[in-house]
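The lines below spell out each chain.
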Amino acid sequence: MTNPFAAISSPLQRLGIALSLALVTAVPGAAMAQSTPDNDLPVAEIQAFSEVFERIKRAYVEDVDDATLLKNAMRGMLSELDPHSAYLDSDAYENLRETTQGEFGGIGIEVGMQDGQLVVITPIDDTPAKRAGLQARDTILRINETPTDRMTLQDAVDMMRGEPGTDIQITVVSAGGGAPRTVTLVREIIRTESVKSEILAPGYGYLRVSQFQSRTGQQVLDALDDLHEDGPLSGLILDLRNNPGGVLQSAVDVADAFLSSGLIVYTEGRLPDSQMSFSATPRTAEPNVPLVVLINGGSASAAEIVAGALQDQRRAVVMGTESFGKGSVQQIMPLGNGEGLKLTTALYFTPNGHSIQAQGVQPDVEVVRGRLEVAESSGLRVRESDLAGHLGDEEEEASGASSARLAEDYQLGEALNLLKALNVIGAR
């Protein structure tokens, strides 16, 4: 068989022809599709690509090997699609696996690209980033001495991760404006327990889901069992604030813990396997307990799936502020060289057909972040019970004091008040 490259003297010209042949091979029927405009191969753009490749090889200030240039081209091809598609080398793929399993070395922050800027989606609970006061929608201007304005998302993640005990400087500006500030963080092993629970007040439970990992669904069921050890619940708060999302199936499992029927979420995309639908099963852990879901601007992706499903099914009151608005599904596609792609393949929709993408979930009751301050008593207040010889028995001290968390969290306190009000109305 004749070698089609034999008469071509330039290796870069051979690259252009190879790219053309690769595209013809990759597109079924492309060789016969020249008469169909939608399927025509962009020959001019392929030629321009090979010309750019050649100019870089000949004139760039430093010598760059072919493999590096081609990988950079693939990274750029994916990063220009949307903020969440990416080329994954072997290290990036391992980092992604570690994150979903719940253990990695770094500062504990979820980031994304918005309008070309590196922004905080949310800091993870009990991590250096959270303790340093980083907030959702903060813009990261520099990592150490490197500006982030020309940095890819994967490069930023790689720079922030590292050996435990090492320092890293992050320069951020808050979403509300103000002067940039630089914080020094010490990397540590981030072991994220995605579910926490406690009793806020007698009969009222608190369930915090910080992200959706592979075992989050089962952890929620275990936490609900723990909350019932003190007796039946009169109300429950599901806290999804600053939850960056995670595993789709885990989000479905958590929503299913509170729904006994009906649609949870469905996805739409171009490929047949991206058309998915998930519904609740009859076996439900908490089908009837009054439920409030807390969200904010750091609630994204899988967290929005849960909040949107419970809101559309009228199973819960959603309280807080508007969520982040990441309504796309990424699929990990392995490549033959041991690396892979993270590619956006579908958009997801709530049961009522609402797309979260760039819109977010709107709370039923908007409550902004704040702190409730209780004024100190002057000591001059006198009540009937303070008078000597007053009528009536001494009131017994209430058992099960309220959680100290309530004093620091205004939104949480308002959620608890709403649950109590719902019970009062229901009892009448």
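Our structure is the block above this text.
Cut-offs applied
- Residues numbered from 1 in each chain as written.
- Predicted model: local features only at pLDDT ≥ 70, side-chain atom pairs only at ≥ 80, totals over all residues.
- Heavy atoms only, no water.
- Helix = DSSP H or I, 4+ residues; strand = E, 2+ residues; numbered from the N terminus.
- Expected span 1.5 Å × (residues − 1).
- Buried < 20%, exposed > 50% of the residue type's maximum accessible area, 1.4 Å probe, protein only.
- Arc of directions from axis to C-beta.
- 1 Å grid on protein atoms, 1.4 Å probe; cavity = no way out; pocket = protein on both sides within 12 Å on 5 of 7 lines; lining within 4 Å.
- Points joined across faces, edges and corners; volume = space filled by probe spheres on them.
- Nonpolar A, V, L, I, M, F, W, Y, C, P; charged D, E, K, R; others polar.
- Pairing = 2+ DSSP bridges.
- Axes fitted to C-alpha atoms, helices over the stretch in contact; angles between N-to-C directions.
- Parallel < 35°, antiparallel > 145°, perpendicular 65-115°, else oblique.
- Left-handed = near helix turned anticlockwise from the far one by under 90°.
- Contact = heavy atoms within 4.5 Å.
- Phe/Tyr/Trp six-rings, centres within 6.5 Å; stacked < 30°, edge-to-face > 60°.
- Patch = residues over 30% accessible without salt bridge, like charges linked within 9 Å, V, L, I, M, F, W, Y side chains within 5 Å.
- Areas by Shrake-Rupley, 256 points an atom, 1.4 Å probe, with all protein chains shown as cover.
- Salt bridge = Lys/Arg side-chain N within 4 Å of Asp/Glu carboxyl O.
- Lys, Arg positive; Asp, Glu negative; His and termini not counted.
- Charge placed at Lys NZ, Arg CZ, Asp CG, Glu CD.
- Core = buried A, V, L, I, M, F, W, Y, C linked by side-chain atoms within 4.5 Å.

A. Examining helix α2 (residues 43–59) more closely. The end-to-end C-alpha distance of α2, which contains 17 residues, comes to 24 Å, matching closely the 24 Å that a straight helix rising 1.5 Å per residue would cover. Considered for burial, the residues of α2 that qualify are Ile46, Ser50, Phe53 and Glu54. An end-on view of α2 places all buried positions within 95 degrees of arc, on one side of the element. Structural note: α2 exposes Ala44, Glu45, Arg55 and Ala59 on the side pointing more than 90 degrees away from its buried face.

B. Representation of the layout of surface pockets. Looking at the second largest pocket, its volume works out to about 840 Å³. Every residue lining the second largest pocket is counted, 30 residues in all, and those nearest its centre are Lys130, Arg241, Asn242, Arg369 and Asp409. Contributions of two or more residues to the lining of the second largest pocket are made by β11 (204–209), α10 (405–408) and α11 (410–427). Looking at the lining of the second largest pocket residue by residue, the class counts come to five nonpolar, 11 polar and 14 charged.

C. Just the pairing of strand β14 (residues 276–279), in detail. Relative to β14, strand β13 (residues 263–269) is paired through four bridges, and the arrangement is antiparallel. In the sheet register, Tyr266 faces β14, and the bridge partner there is Ser277. The turn joining β13 and β14, which pair antiparallel and follow one another in sequence, is formed by six residues.

D. Focus on the packing of helix α8 (residues 248–256) against helix α9 (residues 302–312). Where α8 contacts α9, the axes come no closer than 9 Å and their chain directions differ by 30 degrees. By the angle between their axes, α8 is roughly parallel relative to α9. Our pair here, α8 against α9, has a crossing hand that is right-handed. Contact residues: Leu248, Ala251, Val254 and Ala255 in α8; Ala302, Ile305, Val306 and Leu310 in α9.

E. Local environment of the environment of Leu88. The residue Leu88 is located in strand β1 (residues 86–88) in this model. What makes Leu88 buried here is its relative accessible area of 2%. Residues Leu88 and Lys342, spaced 254 residues apart in sequence, show a C-alpha to C-alpha distance of 6.8 Å.

F. Structural view of the packing of aromatic side chains. Evaluation of the coordinates by the stated rule reveals two aromatic pairs. Seen from their ring centres, Phe49 and Phe53 are 6.5 Å apart, and the 40 degrees between their planes marks the pair as tilted. Note that Phe49 and Phe53 are positioned in helix α2 at a spacing of four residues, about one turn of the helix. You can call Phe49 partly exposed: its relative accessible area is 30%. Judged by its relative accessible area of 6%, Phe53 is buried. Aromatic pair Tyr266 and Phe349: ring centres 5.3 Å apart, planes at 15 degrees, arrangement stacked.

G. Layout of a negative patch on the surface. On the surface, Asp222, Asp225, Asp226, Glu229 and Asp230 cluster together into a negatively charged patch. Along the chain, the position of Asp226 falls in helix α7 (residues 216–227).

H. Structural view of the nonpolar core. Core analysis: the largest hydrophobic core is formed by 42 residues, its most contacted members being Leu238, Leu240, Phe258 and Val293. Of all the secondary-structure elements, those providing two or more residues to this core are β11, α7, β12 (235–239), α8, β13, β15 (291–295), α9 and β18 (340–349). A per-element tally of this core places α9 first, with seven residues. Core analysis: the next-biggest nonpolar cluster, separate from the first, contains 18 residues, Ile143, Met151, Leu153 and Ile170 among them.

I. Focus on a nonpolar patch on the surface. Side chains of Val52, Ile56, Tyr60 and Val61 sit close together on the surface and give an oily, nonpolar patch of about 400 Å² of accessible area. Mapped onto the elements of the fold, Tyr60 is located in the loop between α2 and α3 (66–79). Its relative accessible area of 47% is what places Tyr60 among the partly exposed residues.

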